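Analysis of the macromolecular model
As a plain string of letters, each chain reads:
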Amino acid sequence: MFISYLLSGISLGAIYALIALGYTMVYGIAKMLNFAHGDVIMVGGYIAFTISVTLGADGWIALLGSIIFCTLLGITIERVAYKPLRGASKLSVLITAIGVSYLLQNVALLIFGSASRNFQALIVVPSVEIGSVTIPGNTILTIGVSVVIMIVLTLFINKSSAGSAMLAVSEDKGAAQLMGVNVNKTISLTFAIGSGLAAVAGILMCTQYPNIGPYTGQMPGIKAFIAAVFGGIGSIPGAMLGGIAIGVIENLSKAYISTQLSDAITFAILIIMLLVKPTGILGKKLNEKV
Amino acid sequence: MALLEVKDLEVSYGVIKAIKGISFEVNRGEIIALIGANGAGKTTTLHAISGLIPIAGGSIEFDGKDLAKVPAHERVMHGMAQVPEGRRIFSQLSVWKNLMLGAYTRKDKDGIEKDLEEVFHRFPRLKERRGQIAGTLSGGEQQMLAMGRALMSKPAIMLMDEPSMGLSPLLVTEIFDIIKSINESGTTVLLVEQNARKALAIANRAYVLETGRIILSGDADKLMNDDSVRKAYLGES
């Protein structure tokens, strides 16, 4: 049993990790907490729902459409809501992000109503039996997709020129500009990638927990944020590790301690983490050299 | 025609005017020193030239082109590189990656490879440490990395901000020798320094800044012998 709890924890954690990547990349590069990020997941879910159920298209088309839509949405949110605030106080940006979050939720409420919609699995993967353990297809799909995305993302950041630009901007915007890096473009790209990943996370989540409502993004958004902080906000491997850790902790507490208390346990772990190691598992202490 | 021509430049921070209308020019092949005390506006002037801060008045022409509408990140492509104050290397990235970011706007792979070899030739220590995380380098090595990084963009002009800051006297001499040799291989240099003696020793001409105004200018060796300069900036009485 333990193995299957662990696997479903990893699979849940992989979803958190995908969302956490968006939080952490945006934080690293734009130095802001994009609290509307969780709601992009919800938008991704609704778009996939609309394409697959209302329009009756294939699951993969729904996935692709949802990624494209969320990517554009992320760019638009940054351009319209956050870009005018560059250089403004962090509090103004944070409050704006909360505003954007409510805006997305309420637009979804207007269009789709408050009742949650049931999802049919977009993509069906057969389950696999290894010895006495049955691994559900969803778990395989989620873990597989997440692993591929994380590898591609890591390669992109470390090998491509745009990835170098992102690393440079996250460390020193001014110096990056002196290298010829277009900071605005780099921030846009970061929002695009983060939102695209949120769409993927949204769809994987809806495949595992098949219903969606206007507030579906909130809780996973918060947990992914915890995952990002847990792993060390601003650190990409940290977000991956933090996501998986939070997913596993949540699932194992549900299985062995209490279903009701599992969220409390997750949040308590964040508090302990912040007390013991405020920079997170892989977070770097900012060392300033004069 | 001058490579860099600054006319009546004004820069403000809010209501405070940091630069109150200065004009100077840098000709191709020269080393020009901008000297002055802390707070005179030297770094502000360099940041205005590289576009990191907006100008409030006047104009900056580079290679015959008005830079008013050219954003900071595009100025690199026009042949301008800055070695910023405090070096500002990317401390979490490797030495190699820092150098490659210097060549960020370039597309000519062979040229980049060739210039990388040249930088490694000029700074052998960077070659030894190419895989090392830049934040772990010593201060002098970081200064060399910042200079190498700037050279990787193949600049026509290098803007250098306080390269001697925080370095031992021995290293300062080494850094100034390097600046001179960079200049000799064809790069124009605009040098901002508090260490007026060292700066004047390698510069062709110099401008003395005081609270946002140029109060004195001329050939470096003349300024070196000017009484007021000797008193105020060379620590002699």
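The next thing to look at is the overall build of chain B. In terms of regular secondary structure, chain B is built from 10 helices and 10 strands. Its C-alpha atoms give chain B a radius of gyration of 17 Å, within 12% of the compact-globule value 18 Å for 237 residues. Counting every position in chain B, which comprises 237 residues, the buried fraction comes to 53%. Look at the contacts in chain B between residues 6 or more apart in sequence, and 67% of them connect residues 24 or more apart. For chain B, the separation between the mean place of its 30 positive charges and that of its 30 negative charges on side chains is 4 Å.

This brings us to the nonpolar core. Ranked by size, the top nonpolar core spans 85 residues in total, and within it Leu21(A), Met32(A), Tyr82(A), Leu104(A), Leu153(A) and Phe90(B) carry the most contacts. Apart from the residues lying within four places of it in its own chain, the contact partners of Leu21(A) are Met150(A), Leu153(A), Leu197(A), Ile236(A), Ala239(A) and Met240(A).

Moving on: the interface of chain A and chain B. Taken together, the 22 residues of chain A in the interface contact 23 residues of chain B. Carbon and sulfur atoms supply 58% of the area that chain A and chain B bury against each other, a total of about 2000 Å² over both sides. Counting across the interface, chain A meets chain B through 1 salt bridge. A salt bridge links Arg88(B) to Asp172(A), with the shortest nitrogen-to-oxygen separation between them at 2.8 Å. At the level of secondary structure, the elements contributing two or more residues to the side of chain A that touches chain B comprise helix H5 (137-159), helix H6 (161-171) and helix H7 (173-178) of chain A. Ranked by residues supplied to the side of chain A that touches chain B, first place goes to H6(A) with 6 residues. Here the residues of the side of chain A that touches chain B are counted per class, giving 10 nonpolar, 7 polar and 5 charged.

This part is about the domain arrangement of chain B. Residue and element names in this part refer to chain B. In terms of domains, chain B is made up of domain 1 (4-79 + 155-233) and domain 2 (91-154). Summarising the inter-unit geometry, the C-alpha centres of domain 1 and domain 2 are found 23 Å apart. With 16 residues of domain 1 at the contact, the number on the domain 2 side is 13 residues. Around 1200 Å² of area is buried between domain 1 and domain 2 when both sides are counted, 72% of it from carbon and sulfur atoms.

A word on helix H1 (residues 2-30) of chain A. With 29 residues, H1(A) should cover 42 Å at 1.5 Å per step; its first-to-last C-alpha distance of 40 Å lies within 8% of that length. Lys31(A), located one to two residues past H1(A), shows a positive phi value of around 55 degrees.

Attention shifts here to the packing of helix H2 (residues 37-54) of chain A against helix H8 (residues 183-208) of chain A. Residue and element names in this part refer to chain A. Remark: H2 packs on H8, axes separated minimally by 7 Å, with the N-to-C direction vectors making an angle of 60 degrees. Between H2 and H8, the angle falls in the class oblique. Two packed elements cross with a definite hand, and for H2 against H8 that hand is right-handed. Of the residues in H8, those in contact with His37, Val40, Ile41, Gly44, Gly45 and Ala48 of H2 are Gly194, Ser195, Ala198, Ala199, Ala201, Gly202, Ile203, Met205 and Cys206. A breakdown of the residues in the contact of H2 with H8 according to their chemical character gives 9 nonpolar, 6 polar and no charged.

Reading the values: the criteria
- Residues numbered from 1 in each chain as written.
- Chains lettered and ligands numbered in written order.
- Predicted model: local features only at pLDDT ≥ 70, side-chain atom pairs only at ≥ 80, totals over all residues.
- Heavy atoms only, no water.
- Helix = DSSP H or I, 4+ residues; strand = E, 2+ residues; numbered from the N terminus.
- Rg over C-alpha atoms; globule rule 2.2 N^0.38 Å.
- Buried < 20%, exposed > 50% of the residue type's maximum accessible area, 1.4 Å probe, protein only.
- Contact = heavy atoms within 4.5 Å.
- Lys, Arg positive; Asp, Glu negative; His and termini not counted.
- Charge placed at Lys NZ, Arg CZ, Asp CG, Glu CD.
- Core = buried A, V, L, I, M, F, W, Y, C linked by side-chain atoms within 4.5 Å.
- Buried area = accessible area lost by both parts, 1.4 Å probe.
- Salt bridge = Lys/Arg side-chain N within 4 Å of Asp/Glu carboxyl O.
- Nonpolar A, V, L, I, M, F, W, Y, C, P; charged D, E, K, R; others polar.
- Domains from an automatic or database assignment.
- Expected span 1.5 Å × (residues − 1).
- Axes fitted to C-alpha atoms, helices over the stretch in contact; angles between N-to-C directions.
- Parallel < 35°, antiparallel > 145°, perpendicular 65-115°, else oblique.
- Left-handed = near helix turned anticlockwise from the far one by under 90°.

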